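Results of the structural survey
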Amino acid sequence: MARNSILNERHRALGSKLDGDTWNDMPIPWSYNTSVHDEVVAVRSKAGLYDVSALNIVKVSGPDAEAVIDQLVARDITKLEPGCSLLAAEVDETGALCDDIMVIRDSATDFRLSHGSGKTPEQLKLLSAGKNVKVEPDLDVHILSLQGPLSLDILAPHLSFDLAGLPYFRHVPTVLFGKNIVIARGGYSGERGYEVYCTAADAVFLWDKILEVGAPFGAIPTSWNSLELTRIEAALLFFPFEMPEGDTTPWEVNMGWGVDLDKKGDYIGKAAVLKLKGRERVRHVGLICRSASAMEAGAKLFKDGKEIGVITSASYSRYLMLSLAMAHVKPELSAIGTTLEVHNSSGVSKAYIAPTPFYDPLRLRTHPEGV
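Quick summary incoming for the structure in this document. All figures in this text were calculated on a predicted structure; none of them were measured in a lab. (Residues numbered from 1 in each chain as written. Predicted model: local features only at pLDDT ≥ 70, side-chain atom pairs only at ≥ 80, totals over all residues. Heavy atoms only, no water.)

**So, the sheet that holds strand S19 (residues 322-329)**
Stated precisely, the cut-off is as follows: Strand pairing is defined by DSSP finding a minimum of two bridges between the two strands. Only DSSP runs of H or I reaching four residues or more are called helices, and only runs of E reaching two or more are called strands; each is numbered from the N terminus. Note on geometry: axes are lines fitted to C-alpha atoms, helical ones only across the stretch in contact, with angles between N-to-C directions running from 0 to 180 degrees.
The 6 strands are arranged S16-S19-S18-S17-S20-S21 in a closed barrel whose pairing can be described as antiparallel. The sheet shows a mean angle of 40° between the axes of neighbouring strands, taken without regard to direction. Here strand S17 (residues 300-303) runs beside strand S20 (residues 339-344); their pairing, made up of 3 bridges, is antiparallel. Directly across from Lys300, in S20, lies its bridge partner His343.

**A few points about helix H6 (residues 200-214)**
Threshold: In a helix, the anticipated span is given by 1.5 Å times the number of residues less one. In this scheme, a residue with accessible area under 20% of its type's maximum is buried, one over 50% is exposed, and one in between is partly exposed, where area comes from a 1.4 Å probe on protein chains only.
For H6, with 15 residues, the first-to-last C-alpha span of 21 Å sits near the 21 Å given by 1.5 Å per residue. Among all positions of H6, only Ala200, Asp202, Ala203, Leu206, Trp207, Ile210, Leu211, Val213 and Gly214 are buried.

**Comments concerning the side chain of Glu252**
Threshold: As used in this structure description, the phrase polar contact means that two N or O atoms lie within 3.5 Å; if the pair is within protein, one of them must be able to donate a hydrogen and the other to accept it, and residues adjacent in sequence are counted only when both atoms belong to side chains. Should any heavy atoms of two residues lie within 4.5 Å, those residues are considered in contact.
Locating Glu252 in the fold gives a position in the loop between helix H7 (224-233) and helix H8 (270-275). For Glu252, a relative accessible area of 1% gives the class buried. Here Arg281 takes part through its side chain, which lies 2.8 Å from a polar atom of the side chain of Glu252. Not counting chain neighbours up to four residues away, the residues in contact with Glu252 comprise Asp247, Arg279, Glu280, Arg281, Val282, Arg283 and His284.

**Notes on the sheet that holds strand S5 (residues 84-87)**
Spatial ordering of the open sheet is given by S5-S8-S9-S4-S10, a layout of 5 strands whose pairing is antiparallel. Each having just a single partner strand, S5 and strand S10 (134-137) make up the two edges of the open sheet. Between one strand axis and the next, the sheet turns through 20° on average, direction left out of account. Strands strand S4 (56-61), strand S8 (101-105), strand S9 (110-115) and S10 of the sheet are contacted by helix H4 (residues 120-128), whose axis makes an angle of about 150° with S9.

Laid out in structure tokens, this is it:
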């Protein structure tokens, strides 16, 4: 059976039909009656509120919880302190990326895993067999993500602690508008933002209240199509779309930061992924296309008449007035400034490899304090 957000009636009232592709078995509000480009402007200049409850949240607890999760991902989880989270590479036995995953530590023996549509449940089941650990999907939690430069101004007056002092990838259990929540600093838009984890029973009230107090600041509800536009502008990876080969390694998508080379503990695929370092078949790059429209995911890339790669994700950014794409190309042709052709179903467009992220190259919007 499909999962459903308790906020679906709010999404329908905003114009979403909830009848497009599901993600993680949940109907998604891909669009509202508002213009997706106006939503992007709101996120970039004020604030936008997303319902990202379709993320899979799994609680992992017990004496062996740390050991199990440390064998699941390629970063050293033993160093992660309570109240902190991190992104990591999760690979299978062949060394290929097999999910998006964020590890959230609540205490010495309590974790939450936020993951996408990959192999995390399968690998967790394998690793937890016979261990003193409880693995439990959280089917009640709802996640409201307020993204934008004014998100701090909107939420801070209604919290009893200094929200401005909450660093990136940190979270705090607290009370918001009389409801128990966990608030985390993060997001997927390339802007400063906060994610409110709450129960289904409180989600509608909190959605309405955040929009009510945010209205004087220009905050609006924002759809998943605008989230897709902002994440491509910020050049953020999305499994499995940025991994079209099916056996893509972290090294091929510039995700070396997700592998701790000095990690002493073993994990699934460790020997394979370390062996594949330096053997990249493709390189993940950004493209700026000479077109007034978006390219197509899956479009082939050519140089001098030879096929050299493929587009993984693309959009037309009206905010930047650029046709943007992320792509995989042969490593020897991945230098910034390399020109090539994109072969779309609508024709051929010229493009060149550009630095990423396309928006906010130094990521000062998400890390204004430099941390």
